[in-house]
Amino acid sequence: MDYMMLRKISEGYDINSVWARDKWLSEPTTLETIQLWEQMHNLDFDVDIYNQLCAIALKHDCAPEIYELIDKAHVKSFIFDKKELFLHKDIAVDYAQWLSPSFRGYTTLCLKNGVTLNFNSEEDFIVSDKALAEFTKRYALESYEYSIKANLCVKC
């Protein structure tokens with residue numbers, strides 16, 4: 001599944017999805033991330049229209065209208081189905097990182113330690129502080145054990 005339901009990710013962190021979506025989409029870095037993804041993955045993307053829609057929205061301190069981004073700029077990182085907004089999982093990672101410092105920490109640790117990240121459902125985007133602490137402890141211990149072995153080998 002390439003698209004994840006924004007509402008389910010938000011609810012996993014007990015956050016109102018409409019409020020969170022609008023705040024996230026009013027961030028210039030979010031809009032830049034979406035633009036970059038679209039330019040890399042979407043041949044139909046109209047960057048000029050996208051930039052115009054985003055500039056108008058940011059001028060008024062609000063998020064661009066998603067329907068306009070889809071209809072006018074041909075954005076494909078979002079889709080609507082039965083009044084639900086779905087994000088491409090690449091973009092959903094950014095959204096979840098924005099929602100949760102724990103999720104941001106988790107993804108950073110995974111990348112740092114060469115752990116493959118698989119996002120197959122909305123639940124994969126929910127990381128609690130407790131889960132992050134356990135994950136951090138596990139990798140800190142493995143890193144410590146590795147450094148001890150490396151030091152022992154150097155002394156040999």
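Scroll up a little and you will see the structure.
Just so it is clear, the structure is predicted and the values come from calculations on it, not from any experiment.

Chemist: Could you give an account of the pairing of strand 3 (residues 84-88), naming the residues involved and the relevant values?
Modeler: On a regular strand, one side chain projects to one face of the sheet and the next to the other, so that they alternate. With five of five residues buried, strand 3 lies mostly within the body of the structure. Of the two faces of strand 3, the one lined by Glu 84, Phe 86 and His 88 and the one lined by Leu 85 and Leu 87 are each fully buried. In this sheet, strand 3 lies alongside strand 1 (residues 3-5) in antiparallel orientation, the contact comprising three bridges. Counterpart to Met 4 in the pairing with strand 3 is Leu 87. Linking two consecutive strands that pair antiparallel, namely strand 2 (residues 78-81) and strand 3, is a turn of two residues; a positive phi of about 55° is found at Lys 82 within it.

Chemist: Please provide a residue-by-residue account of the packing of aromatic side chains, values included.
Modeler: Under the defined criterion, the tally for this structure stands at eight aromatic pairs. A centroid spacing of 5.9 Å and a plane angle of 50° characterise the contact between Phe 103 and Phe 119, whose relative ring orientation is tilted. Taken together, the residues span a long stretch of sequence, with Phe 103 in helix 7 (residues 101-112) and Phe 119 in the loop between helix 7 and helix 8 (129-155) at a distance of 16 residues. Taking relative accessible area as the criterion, Phe 119 reaches 10% and is therefore assigned buried.

Chemist: Give me helix 2 (residues 17-25): which residues, what numbers.
Modeler: Turn by turn, an α-helix covers 3.6 residues, leaving residues three or four places apart pointing in a common direction. Three or more residues of helix 2 are buried, namely Ser 17, Ala 20, Arg 21, Trp 24 and Leu 25. Burial along helix 2 is one-sided: seen end-on, the buried residues are contained in an arc of 120°. Next to the buried residues of helix 2 lie helix 1 (6-12), helix 3 (28-41), helix 5 (66-73), strand 2, strand 3 and helix 6 (89-99). Two to three positions downstream of the cap, the backbone nitrogen of Val 18 sits 3.0 Å from a side-chain oxygen, assigning the N-cap of helix 2 to Asn 16.

Reading the values: rules and limits
- Residues numbered from 1 in each chain as written.
- Predicted model: local features only at pLDDT ≥ 70, side-chain atom pairs only at ≥ 80, totals over all residues.
- Heavy atoms only, no water.
- Buried < 20%, exposed > 50% of the residue type's maximum accessible area, 1.4 Å probe, protein only.
- Helix = DSSP H or I, 4+ residues; strand = E, 2+ residues; numbered from the N terminus.
- Pairing = 2+ DSSP bridges.
- Phe/Tyr/Trp six-rings, centres within 6.5 Å; stacked < 30°, edge-to-face > 60°.
- Arc of directions from axis to C-beta.
- Contact = heavy atoms within 4.5 Å.
- Polar contact = N/O pair within 3.5 Å; in protein donor to acceptor, adjacent residues only side chain to side chain.

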